[in-house]
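Okay, here's what each chain looks like letter by letter:
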Amino acid sequence: MGPQREEMLTGNMAAAWGARLARAEYVPAYPITPQTEIVETLAQWFADGTMQGKFVTMDSEHSMLTAAGAAAATGVRVFTATSSQGLLYAFEVLYTVAGWRVPLVLVNVSRALASPITLEPDHNDVLAARDAGFLQIHCETCQEVLDSILMAYKIAEDPRVLLPVIVNLDGYYLSFTREPVAIPSAEEAAAFLPPYEPHHAFFKASRPLAQGIAVLGGFIYSYFRYQEQLAARNALAVHDEVAAEFARRFGRSYGPVEAYRLEDAEYALVMSNAFATKGKAAVDLFRQRGERVGLLRLRLLRPFPHEAVQAALRGKRAVAVLDQNLSVGQGGITYQEVAAALYHEPSRPLLLSCIGGLGGKEISAGEFEEVLELMKEAAATGQVPGPQLLYTEGEQTQMAHLLDIAGKEWG
Amino acid sequence: MIRVRFHGRGGHGMKTASRILGTAAFLEGFRVQDSPLYGAERRGAPITAFTRINDHPILERGIITIPDLVLVADETLLEDPLANPFLGLHAGSLLFINSPTSTQAMAEAVAARHPTPARILTGDLTALTLEKIGKAQALSATVGAAACKLAGVIGMGALEKATRKELEELGLPSPLIDRNLEAALLAFEQTPRVPLASAPPQPAPLQGLVVPVYQPPARGTPSVAAPGNIILRKTGGWRIFRPVIEYDKCNQCWICFVRCPEGAISLDEKEDPHIDYDHCKGCLICVEECPTKAVVKEREVHAW
Amino acid sequence: MAIEHAYKKLKEISLEEFILPGTSTCGGCGGLEALRLAHKVLGKNVVFVNAAGCFTLLALFPFSPFKGSWLYTTMASAPAGAQGIRDALDLLIARGALSIEEDLQVIVLAGDGASYDIGLASTSGAIYRNLDFWYFCYDNEAYGNTGVQMSSATPYAARTTTTPAAVLTPEGTELPKKDLFEIWRAHCPPYLATVSPRHPLDLARKFEKAKAFKGPKLFIAYSPCPTGWHYDPGQTPEIARLAVETGLWALKEAVHGEVAHTYIPKKLKSVEEYLQAQGRFAHLFHPVRQEAALRKIREAITQYWAPYLRTMQNAK
């Protein structure tokens, strides 16, 4: 295991370090809060010669991701970052570059979507991209951000995969929060991640190639889309291989999911990203008073690790998926995915859906208590309620006050 | 159920023909579906349109693979693999070909090249269209009328109403609609009644399923590594008229070569132009632009 | 860089074809004619970056008409795709991963819808960044690939499927064509020109001249469209000729923003000859002549040429 120095880094800085250690050669950028610190840092590193290659500020996220994909299709290693509205502005390009099968890494700093426009996170932005052909790794800590970017390139560039990856971190809760991060040495990072040398996508005079070409006919289209699906499913095994090598070299181990005190748990929370930390704290409190509660953190969202989810939740009495997102008119997004994964389990747990933390709203200890009560009640009665929208009395009182100030008494 | 398939080239009006038949059948009280099939192709390229007529709800969608009646607006389509008008013809079905060739001669030619269980019928709708409408390609009304007659369940009143309605929707000026109507009614009268036998319900043979497997990335991406391989794709069948060079008049000025959008005219070492008939789409720019009138146009008539 | 060809006569045009026949563009496509001629000057070491439009289907799996390379991007961001490819090629060459012989000219291929409307911001960005690329806009004055809807390149009084000539809108399109040349020129690119397929030597000279410039080299190619403009495909060159001779399509260039006309008709032909040749303007003449609309078209031409014709007269 090589030397790793620890430094206090924000999630954004950890992301920039990930790009730097991956020796990303090309960074097209466009500012958006709360991601901007990443591209500011990279701009500085390219400008002072710390990083070799080119940083270019584009005219929109749509252009930014197009340039990123086109550069990757030419054969260089590309990094870029965005957030929220920016990710949605680039939305069609997500599908486009995934279809080119180019292995770039895009960091998304989650921020809730307008309207109303806001700054704090939830995951509607990144989950909107879940069907686009990008793999997705969701991070809980600043360390995980750096590590996941290195792993993401290695997974993406594997000839069994060749798909782009989104590495996700929460705005504010990680992006602006410093915590100690171990930074691998450049040599160790290079040994882990060799240079990118594509054999399927390039532009050069001696070997003309028409890429991203139009197809007509469903069977042709389906063939290429199926290839994306097969590539993404291959990424499950590739992730585990890459994670094993990463653990060997750097001493930190990542699975497609993280099980926290789940082994003997009767009840389980399912969460993702930075708020999983709050969930773990709640689990610890429950455990202190003898409640057998654990937490499953979803880390690899695409490809979705069905088997890991099944194995982790097998034998639980009830499970509550705490979604920090809202599919309006349906409910929680990851709830649906967990439910699908558990459907064929011979003795599947009761599965509850809770929505919390939208726009960075706090999920308080009381709310975790309520979620546990709901699970127990469901276990006792066999009845599972519909999606629960978590909101406290205090928040309701404050909100009523704000509505009064806003002159809404005619409502 | 009567399943009708129209084959034409972009600009022939086969979508409108399918709609004239569709509307006419609708006016006669049937359940109807009509739809065009859009592809990459543009004006001049093969297009297909479909009409289904039934006396109870139609539980089918999309293309018609087993037609009872096929109408071919241009006999050059018979040899066009992109058009494939012979697809799915059965013993009860009728293949109508717009052609000056007699039914018997056409039947013999088809039998020699594309044996088909279907009966063949020809009619020179282009001549009629040219005479009454003045434009050889404006075949929607006449082909639509022939289809109405051959479908066997549509009267002249419904045809007239349907034709007027469809052409009005296209925004044609009313004198032109009148000429189209006249041509349509003539085409209806001239086309004989031939009994159709609807295809017995015969589900398409089931194909075995395969399990898609991951391919090496070069085979898994929509890229093409064979530069210029588009020449494998023939567009010569798009022509309605064929440009022909009369070399005694050619003064080797290069204009036809320079003006051809397709690059389908090449020059030999004597600077004589040569037309690549596999790919010439028949735009006739060379005919229009030749300063010595050395390029003349001839109607493409015979498929073979 | 020395000018290799003067393109004084037709017989200097390359006999080699770089876009092979068999594509699905309409017969008589003016845009393809212009692109074919331009490609002869540019040679084979190119990569096209395509924006959604009629030319998207030039390459259709499993076929490519090009001797060079191609990337389909999106409708709005082809210039950004050009940025990514250009930058990546430069990086690969700089670090020795690619030899200089492998370098390619990067060419955006976009219709007027992409150029005048949805992709304008992306183009502005690429010109602003002084990206070393070519931009070929085939301007057929409407969204042709979707069936001829109005774009901001559609000229005043043309009929399209979304600007019908109807009771409340007798002229059809009510707004004048956007002046993309001037919008681009405001960025001061090193080279900017309009071309027409009917003027192959003017076209070839401009592409040849542009080779000397590093940075954006931008072309708006007048692209008569038989399908959308409603005329017989064989008339494409004649329509293009009339556009220039009536003064509707000015052949010009701007080097670092300095405009020069490369062809000024000795006497402007009556614009009605041009209008009457196309179905898209038929409503200006039938059932009644729309005098006000015709006057407006004439006045716009007069106004455009007034300073140049005056300059010419002064020069005499």
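Computed from a prediction, not measured in an experiment: that's the story for all the values here.

## Describing the overall build of chain A
- Tallying secondary structure elements over chain A gives 14 helices and 16 strands in all.
- Since a compact globule built from 411 residues should have a radius of gyration of about 22 Å, the 22 Å found for chain A is in line with a globular shape.
- Each principal axis of the C-alpha atoms in chain A carries an extent, and together these give about 70 × 55 × 55 Å.
- Pairs at least 24 residues apart make up 81% of the contacts formed inside chain A by residues separated by at least 6 positions.

## Here's the deal with the overall build of chain B
- The secondary structure content of chain B amounts to nine helices and 10 strands.
- The C-alpha radius of gyration computed for chain B amounts to 22 Å, which stays within 12% of the reference 19 Å derived for 304 residues, consistent with globular compactness.
- If one aligns the C-alpha atoms of chain B with their principal axes, the spans along those axes are about 65 × 60 × 40 Å.
- Buried positions account for 49% of the 304 residues belonging to chain B.
- A separation of at least 24 residues holds for 72% of the contacts in chain B among residues at least 6 apart in sequence.

## Focus on the packing of helix α4 (residues 140-151) of chain B against helix α5 (residues 156-169) of chain B
Residue and element names in this part refer to chain B.
- At a minimum axis distance of 11 Å, the contact between α4 and α5 shows a crossing angle of 150°. Here the hand of the crossing between α4 and α5 comes out right-handed. Where α4 approaches α5, its residues Ala-141, Gly-144, Ala-145 and Cys-148 are matched on the opposing element by Leu-159, Thr-163 and Leu-167.
- When grouped by side-chain class, the residues that make up the contact of α4 with α5 number five nonpolar, two polar and no charged.

## Describing α5(B)
All names here are of chain B.
- Compared with an ideal rise of 1.5 Å per residue, which puts 14 residues at 20 Å, α5 spans 20 Å between its outermost C-alpha atoms and is within 8% of the ideal.
- Of all the residues in α5, the buried ones are Ala-158, Leu-159, Ala-162, Thr-163, Arg-164, Glu-166 and Leu-167.
- Those residues of α5 that are buried are in contact with α1 (14-27), α4 and α6 (174-190).
- Directly after α5, the chain includes Gly-171, whose backbone phi takes a positive value near 80°.

## What about the interface of chain A and chain C?
- Listed by partner, the interface residues are 38 residues for chain A and 39 residues for chain C.
- Sorting the residues of the side of chain A that touches chain C by element identifies β2 (26-29), β3 (54-57), α3 (61-74), α5 (91-100) and β9 (210-211) of chain A as the ones contributing at least two each.
- Here the residues of the side of chain A that touches chain C sort into 21 nonpolar, 12 polar and five charged.
- Examined bridge by bridge, β9(A) and strand β2 (residues 69-72) of chain C share two bridges and lie parallel to one another. From the neighbouring strand, A:Ala210 faces β2(C), where its bridge partner is C:Trp70.

## Details of the environment of A:Val93
- Along the chain, A:Val93 turns up in helix α5.
- On the neighbour-count criterion, A:Val93 (25 C-beta atoms within 10 Å) is buried.
- In this structure, A:Val93 is in contact with A:His62, A:Leu65, A:Thr66, A:Gly69, C:Thr74 and C:Ser77, ignoring residues within four places of it in sequence.

## A short note on the domain arrangement of chain A
All names here are of chain A.
- We note that the domain assignment places domain 1 (4-250) and domain 2 (257-397) within chain A.
- Relative placement of domain 1 and domain 2: their C-alpha centres are 28 Å apart.
- Taken together, the 27 residues of domain 1 in the interface contact 21 residues of domain 2.
- Listing elements by their share of the side of domain 1 that touches domain 2, those giving two or more residues are α6 (124-128), β6 (135-138), β7 (165-170) and α9 (218-250).
- The element contributing the most residues to the side of domain 1 that touches domain 2 is α9, with five residues.

## A word on the sheet that holds strand β6 (residues 217-222) of chain C
- The mixed open sheet is built from nine strands, whose spatial order is β9(A)-β2(C)-β1(C)-β3(C)-β4(C)-β6(C)-β5(C)-β7(C)-β8(C). Since the sheet does not close on itself, it has two edges, and those belong to β9 of chain A together with β8 (258-263) of chain C, each with one partner.
- In this sheet, β8(C) lies alongside strand β7 (residues 251-255) of chain C in antiparallel orientation, the contact comprising five bridges. Note that in β8(C) the partner of C:Glu253 across the bridge is C:Ala260.

## Brief notes about the interface of chain B and chain C
- Each side of the interface is counted separately: chain B has 37 residues, and chain C has 38 residues.
- Residue assignment for the side of chain B that touches chain C shows that the elements contributing at least two residues are α8 (255-259) and α9 (285-289) of chain B.
- The biggest single contributor to the side of chain B that touches chain C is α9(B), with four residues.
- Classifying every residue of the side of chain B that touches chain C by side-chain character gives 19 nonpolar, seven polar and 11 charged.

## Description of helix α6 (residues 200-210) of chain C
- Turning to α6(C), its buried residues are C:Pro200, C:Leu203, C:Ala204, C:Arg205, C:Lys206, C:Phe207 and C:Ala210.
- For α6(C), the secondary structure elements touched by its buried residues are α8 of chain B together with α1 (30-42), β5 (191-195), β6 and β7 of chain C.

## Let's talk about the domain arrangement of chain B
Residue and element names in this part refer to chain B.
- Examined at the domain level, chain B breaks down into domain 1 (2-190) and domain 2 (232-299).
- Computed over C-alpha atoms, the centres of domain 1 and domain 2 are 31 Å apart.
- Residue-level contacts link nine residues of domain 1 with five residues of domain 2.
- Of the residues belonging to the side of domain 1 that touches domain 2, the class tally is three nonpolar, three polar and three charged.

## Digging into the sheet that holds β6(A)
Residues and elements named next belong to chain A.
- Strands sit in the order β4-β5-β7-β6-β13 across an open sheet of five strands; the sheet is mixed. Both outer strands of the open sheet, β4 (79-82) and β13 (300-302), are each paired with one neighbouring strand and no more. With strand direction ignored, the average angle separating the axes of adjacent strands in the sheet is 25°.
- As paired strands, β4 and strand β5 (residues 105-110) are joined by four bridges and run parallel to one another. The partner of Thr-82 across the bridge, within β5, is Asn-108.

## Re the confidence of the model for chain B
- Per-residue confidence for chain B gives a mean pLDDT of 92; residues scoring 70 or more make up 95%.
- Note on the complex model: pTM 0.94, ipTM 0.96.

## Side note on the nonpolar core
- A:Val105, A:Ile149, A:Ala320, C:Val49, C:Ile85, C:Val108 and C:Phe136 are the most contacted members of the largest nonpolar core, which totals 237 residues.
- When residues of this core are assigned to their parent elements, the largest contribution, 10 residues, is made by helix α7 (residues 142-156) of chain A.
- Shared between two domains, this core holds at least three residues of each, these being domain 1 (4-250) and domain 2 (257-397) of chain A.
- Setting aside its immediate chain neighbours within four residues, C:Ile85 contacts A:Ala70, A:Ala71, A:Thr74, A:Phe203, C:Val47, C:Val49, C:Leu71 and C:Val106.
- Formed by 57 residues, the second largest nonpolar core is a distinct cluster that contains B:Phe6, B:Met106, B:Leu128 and B:Ala146.

## A few points about unusual backbone geometry
- Here A:Ser115 and A:Pro116 are connected by a cis peptide whose omega angle stands at 0°.
- Mapping A:Pro116 onto the fold places it in the loop between β5 and α6.
- Here the amide bond leading from C:His286 into C:Pro287 is cis, since omega sits at 0°, within 30 degrees of zero.
- Position of C:Pro287 relative to the elements: it lies in the loop between α9 (271-276) and α10 (291-315).
- Look at A:Arg23: it is not a glycine, yet its phi comes out positive at around 55°.

## Here we look at the environment of C:Leu192
- Structurally, C:Leu192 can be placed in strand β5.
- Sequence spacing of C:Leu192 and C:Tyr138 is 54 residues, and the spatial spacing of their C-alpha atoms is 14 Å.

## Focus: the environment of B:Val244
- With respect to the secondary-structure elements, B:Val244 resides in strand β7 (residues 241-245).
- A residue is classified by how many C-beta atoms lie within 10 Å of it, and B:Val244, with 14 of them, is partly exposed.

## Description of the packing of helix α1 (residues 11-21) of chain A against α7(A)
Residues and elements named next belong to chain A.
- Where α1 meets α7, the axes come as close as 8 Å, and the angle between the chain directions of the two elements is 25°. Judged by the inter-axis angle, α1 sits roughly parallel to α7. The handedness of the crossing between α1 and α7 comes out as right-handed. Note on element contacts: α7 touches α1 through Cys-142, Gln-143, Val-145, Leu-146, Ile-149 and Leu-150, opposite Gly-11, Ala-14, Ala-15, Trp-17, Gly-18, Ala-19 and Leu-21.
- Across the contact of α1 with α7, the residue classes tally to 10 nonpolar, three polar and no charged.

Rules of the game
Residues numbered from 1 in each chain as written. Chains lettered and ligands numbered in written order. Predicted model: local features only at pLDDT ≥ 70, side-chain atom pairs only at ≥ 80, totals over all residues. Helix = DSSP H or I, 4+ residues; strand = E, 2+ residues; numbered from the N terminus. Rg over C-alpha atoms; globule rule 2.2 N^0.38 Å. Contact = placed C-beta atoms within 7 Å. Buried ≥ 20, exposed ≤ 12 C-beta atoms within 10 Å, placed from the backbone. Axes fitted to C-alpha atoms, helices over the stretch in contact; angles between N-to-C directions. Left-handed = near helix turned anticlockwise from the far one by under 90°. Nonpolar A, V, L, I, M, F, W, Y, C, P; charged D, E, K, R; others polar. Expected span 1.5 Å × (residues − 1). Pairing = 2+ DSSP bridges. Domains from an automatic or database assignment. pLDDT = per-residue confidence, 0-100. Core = buried A, V, L, I, M, F, W, Y, C linked by C-beta atoms within 7 Å. Parallel < 35°, antiparallel > 145°, perpendicular 65-115°, else oblique.

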